[in-house]
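Listed below are the residues making up each chain.
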Amino acid sequence: MELKGKVALITGASSGIGEGVAKSLAAKGVKVGLAARSFTKLNTIESEIRQAGGNAFPIEFDVTDKVSVDAGVKRLKEKYGTIDILINNAGIMPAADIDTFKTDEWQDMINININGVLNVTAAVLPDLIDKHSGHIINLSSIAGRKLFKGLAVYCGTKHFVAAFSDIMRMEVGKKHNIRVTSIQPGAVDTNLYDRISDKAYKEGMEGLRNQMTFLTPNDIANSMIYALESPDNVDVSEVFILPTNQEW
């Protein structure tokens, strides 16, 4: 896909991987729809993108709220006329043992990591089908391939994203000329650990920074750009990307 002039919707764009991807795609000439709940942060990122010569449009919506998602997608199409690329990036990763019964955190992960992907995909996919073209990138994780103590529900949500992505590729690739990619990162330098309320697990996760050089959001953006810029007859269905010194 030639990226210049294309329109991308990026969820979770107010920080971390979403912010990094938005800036990298904007530098490639993509018009980026910045979607997240924090409109103040989105406005700051939009300003930075525009100052660098890019084109961005902030959209305040909650991926767990279908009405909010549908309205946000409508606003982006009114702004730019179309959507070519969807990047389902929004996600959270609280960590705790199952027998601590942090059920509110379980539900939040299901709502954001699973239902959020479904809501946004359902809002954008019909337009891609009508155009008979497009690319959907879903953020899974190393936790979508492997299992880790303390991350039972998170692993479940990311295994879902990986499975949903590949089955969607099977169903819409040949039929509708739409490519689907699942990105599965290892340790990335983001604020993902901020939502961990269990002190022991939070300290353990933060301690990983002393054991390896984390990936950066730009590293993840580069993997997405590789998939997006591949020839039209190539679907990079999965990218498993890890720090070189991440042993597990």
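A brief report on the enclosed structure follows. Note that the coordinates shown come from a computational prediction; the quantities given were computed from them, not determined experimentally.

### Re the packing of aromatic side chains
Counted according to the given criterion, the structure contains four aromatic pairs. Aromatic pair F148 and W248: ring centres 5.5 Å apart, planes at 75°, arrangement edge-to-face. Within this pair, whereas F148 is found in the loop between β5 (135-139) and α5 (152-176), its partner W248 is found in the segment after β7 (238-241), the two being separated by 100 residues in sequence. We classify F148 as partly exposed; its relative accessible area is 23%. Geometrically, the ring pair formed by F160 and F164 is stacked, given 5.5 Å between the ring centres and 15° between the ring planes. Here F164 and F160 lie together in helix α5, a separation of four residues that amounts to about one turn. Relative accessible area serves as the criterion here: at 25%, F160 is assigned to the partly exposed category.

### A word on the pairing of strand β2 (residues 31-36)
Moving residue by residue along a regular strand, the side chains alternate between the two faces of the sheet. For β2, the tally of buried residues reaches five of six residues, placing the bulk of the element in the interior. Of the strand pairs in this sheet, strand β1 (residues 7-11) and β2 are connected by five bridges, and their pairing is parallel. Residue pairing across strands places I10 opposite L34, the latter belonging to β2. Regarding the hand of the β-α-β motif, the stretch spanning β1, helix α1 (residues 16-27) and β2 is right-handed.

### Side note on the nonpolar core
Formed by 41 residues in total, the largest nonpolar core has its most connected members in L9, L76, V124 and M205. Sorting the residues of this core by element identifies β1, β3 (55-60), α3 (66-80), α4 (103-131), α5 and α6 (199-207) as the ones contributing at least two each. At seven residues, the largest contribution of residues to this core is made by α4. For V124, the contacting residues outside a window of four places in its chain are L9, V73, I83 and L86. Among the nonpolar cores identified, the runner-up in size contains 34 residues, and A36, L42, I137 and I225 belong to it.

### Overview of the side chain of N89
Its place among the elements puts N89 in the loop between β4 (85-88) and α4. A relative accessible area of 12% places N89 in the buried class. For N89, the side chain forms a polar contact with the main-chain oxygen of G12, separated by 3.1 Å. If near-sequence neighbours (up to four positions away) are discounted, N89 is found in contact with T11, G12, I17, G18 and L139.

### Things to note about the pairing of β7
What you see with β7 is a clean split: V239 and I241 sit on the buried side and E238 and F240 on the side with no burial. Note: strand β6 (residues 179-185) against β7, four bridges, orientation parallel. Paired with S182 across the two strands is E238, which belongs to β7.

Each value, and the rule that gives it
- Residues numbered from 1 in each chain as written.
- Predicted model: local features only at pLDDT ≥ 70, side-chain atom pairs only at ≥ 80, totals over all residues.
- Heavy atoms only, no water.
- Phe/Tyr/Trp six-rings, centres within 6.5 Å; stacked < 30°, edge-to-face > 60°.
- Helix = DSSP H or I, 4+ residues; strand = E, 2+ residues; numbered from the N terminus.
- Buried < 20%, exposed > 50% of the residue type's maximum accessible area, 1.4 Å probe, protein only.
- Pairing = 2+ DSSP bridges.
- Right-handed = clockwise from strand over helix to strand, strands pointing away.
- Core = buried A, V, L, I, M, F, W, Y, C linked by side-chain atoms within 4.5 Å.
- Contact = heavy atoms within 4.5 Å.
- Polar contact = N/O pair within 3.5 Å; in protein donor to acceptor, adjacent residues only side chain to side chain.

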